[in-house]
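# Coordinates in review
The residues making up each chain are set out below.
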Amino acid sequence: MPDSTAFHDLAAFVALPRVSSLALSPDGTRLVTVVQELSTDHTTFIGALWDVDPSGERPARRLTRSGRGESAPGFLPDGTLLFLSSRPVADPGEGEDDKREAALWSLPAGGGEASQLLTRPGGIDEYATASGASRIALAAALLPGAADAEQDARLREARQKAKVSAILHESVPARFWDHDLGPGLPRVFTVPDAAAGQSAVVDCGERRVAAYEGIALSPDGSLIAYAAAVGTLPDEIRAAIVVADAATGRQLRVLESPDAEFGAPAFAPDGRHLVCTREGRITWDAPGDVTLWLADAMDDQDPGRDLLPGFDHWPGAPVVSPVPGGDGTPVVYFTADEAGHAPVFRLSTGSGEVVRLTASGAYSDVVVAPDGRTLYALRSAVDSPPAPVRLDAAAPGRQPVPLPCPGQVGELPGSLTEVHTTAEDGTALRAWLVLPREASAATPAPVLLWVHGGPQGSWNSWHWRWNPWVAAAAGYAVVLPDPALSTGYGQRMHERGWAHWGGAPYQDVMALTDAALRRDDLDSERTAMMGGSYGGYMANWIATRTDRFKAIVTHASLWNMYSFAGVTDVPAYWMRRQGDPLVRTERYERESPHLRAAKITTPMLVIHGDKDYRVPIGEALALWNDLARFEVPAKFLYFPDEGHWILKPNNVRLWYATVLGFLAHHVLGEQWHRPELV
């Protein structure tokens, strides 16, 4: 096959358009998505809103075009399109380097120019609308000591003028994922309608932890529900659902439990009941479980009930149909990982019946038509990027109808199949296998084992950041295993690996690798391994256990579990699973790769971003120094301005170029060529 696909050229791959988010107008005639493309200087991704025809008859039409981009489409009942953007009111065009925060903008239903609706001094983080009222809910932050937006603005201006960047924390946490929390305190507000202006803003309470997302308004706009933090000590802090009067801000109830986290609230059509996720909090002994929960929105004495007893997969955020079922109870749609896919399920809350609507692929951003008969979603798979589709809400097993939209990637440089085997304890195991076109018994392909992060995740959807087709274009067969701890295989799969991260998961990964290498079109003498986050931990663990691989790439990886316990952005979560390193050390001693550093002989490429707060940079520095100390052939690719994921376009290109160059040197025997610009 000629080297003609977008995956053979890193510049072409990074420039491919990327589809995300989906919103449906109240009358069901407009479907809006976000398409990200490269800026003209190729240094950032910029999102634009596109109008997709729900019938699939007309081509998609671009709605916005600004230098700062748009995100989070939504609708008001009159059809006005809302979105978030940091564009100036008078947009000077692409490339303008301003420091504006995100504001809420609108486009009239009948067309016209976008206008700014609502602003907050520190920007708007999230918003929600009511299906039958003009009220808008939004999440924003107030600086300590500020009583309203005006005072908040003055304080921010004073900080900026004095060049003060310090943040004084008086409670945990201080960081989340890749950004510092504060100095603003996250709160939730409502506005009766956009024309009311800032003076009509109602403060509905503090969230305490900015990481907790999820806001919903009842259909009539009278109630607001949002995720917020409860608890005081680090190990007690957990997510709850707060319900408040949207017009006054008066708190009506808090749905919480000491052994669970609640999130993703959605109102039933009657406006009096809530559906949300309920996740059992992890412990030393158990990984917890996830289900959907139904509770009275205002009765603080109602603990709610489990909507999915016996359902063995973890549901995502619930989407409630605007039309109740025949028995008058809510109909809920959700997705859940399942054996390398993520289908859409329909739940009848009255009878408890769960119906799997889709067969293959991974679905997200599900929305329901006003009459409840049709669903729209983004569908992706390991071999196809996200794209909007239409589904029959009542008929299981039918193929989704694709809707015209940008985001096609063209021909792939290979094919996709599966690998199956059985673990030592009898558990059925599976992996995806990406095969390059040229692989055959006569010319067996070198093999790249790629372990996913999480660890509670699955290889079941398209990945722009962890894309195996780039490796396939370079000639590698890529094994994508779902070992113990992976989602989509039932609670038992989580339990198998919970007590020992380097136990059953490692054995499963090796078993699936061995099963793949029994194929005559794969070369068992030319193998490499890589992974990010938990996959990076597994890369480090494998490096201390075997020398079977020619090279190992470890990205954003855990190395010293003792030090990690106190510096990650989620130390309380970690210590519940791993134990307090000052008190209970057996898992640290058994699982921490750094204790076995002297055993590593395999060449390693270490990659890390300095803004990674989930797995802080100290892990990479310690690993890099240990590799140097024991004279292991190694390289360290460091990104001062990136987090857990590498997201800036040119850094993404450099990431792939360095990985492929390192593998080519050690696996294929090619001369090492230092990537450009580093």
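My aim in this report is to walk through the structure given alongside it, one point at a time. These numbers come from a predicted model, not from an experiment.

Our focus in this paragraph is the overall build of the protein chain. A count of helices and strands for the protein chain gives 11 helices and 38 strands. What you see for the protein chain is a C-alpha radius of gyration of 25 Å, in line with the 26 Å of a compact globule of 678 residues. Viewed in the frame of its principal axes, the protein chain has a C-alpha envelope of about 70 × 60 × 55 Å. Across the 678 residues in the protein chain, those meeting the buried criterion constitute 56%. Contacts in the protein chain between residues at least 24 apart in sequence constitute 56% of all its contacts with a sequence separation of at least 6.

This brings us to the environment of R398. Relative to the helices and strands, R398 is located in the loop between β29 (384–392) and β30 (401–402). Taking the relative accessible area as the measure of exposure, R398 reaches 52% and is therefore exposed. Taking the C-alpha atoms as reference points, R398 and A359, separated by 39 residues in sequence, lie 7.8 Å from one another. Within the local environment of R398, its side chain forms a polar contact with the side chain of D392, the two groups lying 3.1 Å apart.

The strands making up a sheet associate through backbone hydrogen bonding, with each pair oriented either parallel or antiparallel. Strands sit in the order β23-β24-β25-β26 across an open sheet of four strands; the sheet is antiparallel. On the outer flanks of this sheet lie β23 (319–320) and β26 (354–356), each paired with one strand and no other. Pairing geometry for strand β24 (residues 331–335) and strand β25 (residues 344–348), over five bridges, is antiparallel. Its bridge partner being in β25, F334 is matched across the sheet by F345.

Attention now moves to the pattern of salt bridges. Applying the stated rule across the entire model yields 33 salt bridges. Measuring nitrogen to oxygen at the nearest pair gives 3.8 Å for the salt bridge that ties D482 to R430. Placement of the pair is D482 in the loop between β34 (477–481) and α4 (491–498) and R430 in strand β32 (residues 428–436), with a sequence separation of 52 residues. As far as burial versus exposure is concerned, D482 and R430 are alike and both buried. Salt bridges sharing common partners tie together D425, R492, R496 and D508.

In this section: the packing of aromatic side chains. Applying the stated criterion across every chain yields a total of 21 aromatic pairs. Both rings, one in F636 and one in Y638, keep their centres 6.0 Å apart while their planes meet at 45°; by these two values the pair is tilted. Its relative accessible area of 37% is what places Y638 among the partly exposed residues. By way of ring pairs, the aromatic residues F7, F13, W462, W464, W466, W655 and Y656 are connected into one cluster. Sitting over the ring of W293, R278 keeps its end group 4.9 Å from the ring centre. Against the face of W284 rests R587, its NZ or CZ located 3.7 Å from the ring centre.

Glancing now at the sheet that holds strand β15 (residues 215–217). The strand order across the open sheet built from four strands is β15-β16-β17-β18, with neighbouring strands paired in antiparallel fashion. Of all the strands in the sheet, the pair left with one neighbour each is β15 and β18 (251–255). Here the strands of the sheet are splayed against their neighbours by 25° on average, with no regard to which way each runs. Inspection of the sheet shows strand β16 (residues 223–230) paired to strand β17 (residues 238–245) by eight bridges, in the antiparallel sense. Bridging across to β17, V230 finds its partner in R238.

Burial runs high along strand β7 (residues 103–107): five of the five residues are buried. Bridge count for strand β6 (residues 81–85) against β7 is five bridges, and the pairing is antiparallel. Bridge pairing links L82 to S106 in β7.

The next point concerns helix α6 (residues 534–545). Taking 1.5 Å per residue as the helical rise, α6 with its 12 residues ought to reach 16 Å, and the 16 Å between its terminal C-alpha atoms agrees with that figure. For α6, the buried fraction is high: 11 of the 12 residues fall into the buried class. What α6 keeps buried is the set Y534, G535, G536, Y537, M538, A539, N540, W541, I542, A543 and T544.

As a further point, take the nonpolar core. Formed by 53 residues in total, the largest nonpolar core has its most connected members in L449, M529 and I542. Sort the elements by how many residues they give to this core and α6 lands first, with seven residues. Among all residues touching I542, those that are not within four sequence positions of it are L449, Y506, V509, M510, M529, F549 and I552. Grouped together as the second largest cluster of nonpolar side chains are 45 residues, W459, W462, L654 and L663 included.

On to the pairing of strand β20 (residues 273–280). With six of its eight residues buried, β20 lies for the most part within the structure. The pairing of strand β19 (residues 260–267) with β20 spans six bridges and is antiparallel. The residue bridging A260 from the neighbouring strand is G280, located in β20. Following β19, the chain reverses through five residues before pairing antiparallel with β20; G271 in that reversal takes a positive phi of roughly 75°. Strand direction decides the pairing type here: β20 and strand β21 (residues 290–296), joined by seven bridges, are antiparallel. Note on β21: the bridge partner recorded for L274 is A295.

Moving on, we come to a negative patch on the surface. A cluster of acidic residues, E279, D289, D312 and E495, forms a negative patch on the protein surface. The topology assignment puts D312 in the loop between β22 (305–306) and β23. Judged by relative accessible area, which is 42%, D312 ranks as partly exposed.

On to unusual backbone geometry, then. Leaving glycine out, the prevailing phi sign among residues is negative, and the prevailing peptide bond configuration is trans. Cis geometry marks the peptide bond from V172 to P173; its omega dihedral reads 0°. In this structure, P173 sits in the loop between α2 (149–162) and β11 (175–176). Positive phi, close to 65°, is recorded for H42, a residue that is not glycine. Turning to its location among the elements, H42 is positioned in the loop between β2 (31–38) and β3 (45–52). Taking the relative accessible area as the measure of exposure, H42 reaches 43% and is therefore partly exposed. In this model, A339 sits at a positive phi of 50°, which is unusual for a non-glycine residue.

Here we come to the environment of V659. Relative to the elements of secondary structure, V659 occurs in helix α11 (residues 649–667). With 35 residues separating them along the chain, V659 and W624 place their C-alpha atoms 16 Å apart.

This part covers the packing of helix α5 (residues 504–516) against α6. Two numbers describe how α5 lies on α6: the axes approach to 11 Å, and their chain directions differ by 80°. Classified by the angle their axes make, α5 and α6 are roughly perpendicular. Along the contact surface, α5 presents P505, Y506, V509 and M510, while α6 presents Y534, M538, W541, I542 and R545.

In this section: the environment of L623. Relative to the assigned elements, L623 resides in helix α10 (residues 618–629). Filtering out sequence-adjacent residues up to four positions away, L623 remains in contact with N540, T554, S557, W559 and V606.

A few words now on the packing of α4 against α5. Between α4 and α5, the least distance of the axes is 7 Å, while the angle of their chain directions is 110°. Between α4 and α5, the interaxial angle falls into the category roughly perpendicular. Of the residues in α5, those in contact with M493, R496 and G497 of α4 are A504, P505 and D508. Taken together, the residues of the contact of α4 with α5 sort by class into three nonpolar, one polar and two charged.

What counts, and where the lines are drawn
Residues numbered from 1 in each chain as written. Predicted model: local features only at pLDDT ≥ 70, side-chain atom pairs only at ≥ 80, totals over all residues. Heavy atoms only, no water. Helix = DSSP H or I, 4+ residues; strand = E, 2+ residues; numbered from the N terminus. Rg over C-alpha atoms; globule rule 2.2 N^0.38 Å. Buried < 20%, exposed > 50% of the residue type's maximum accessible area, 1.4 Å probe, protein only. Contact = heavy atoms within 4.5 Å. Polar contact = N/O pair within 3.5 Å; in protein donor to acceptor, adjacent residues only side chain to side chain. Pairing = 2+ DSSP bridges. Salt bridge = Lys/Arg side-chain N within 4 Å of Asp/Glu carboxyl O. Phe/Tyr/Trp six-rings, centres within 6.5 Å; stacked < 30°, edge-to-face > 60°. Lys NZ or Arg CZ within 6 Å of the ring centre and 35° of its normal. Axes fitted to C-alpha atoms, helices over the stretch in contact; angles between N-to-C directions. Expected span 1.5 Å × (residues − 1). Core = buried A, V, L, I, M, F, W, Y, C linked by side-chain atoms within 4.5 Å. Patch = residues over 30% accessible without salt bridge, like charges linked within 9 Å, V, L, I, M, F, W, Y side chains within 5 Å. Areas by Shrake-Rupley, 256 points an atom, 1.4 Å probe, with all protein chains shown as cover. Lys, Arg positive; Asp, Glu negative; His and termini not counted. Charge placed at Lys NZ, Arg CZ, Asp CG, Glu CD. Parallel < 35°, antiparallel > 145°, perpendicular 65-115°, else oblique. Nonpolar A, V, L, I, M, F, W, Y, C, P; charged D, E, K, R; others polar.

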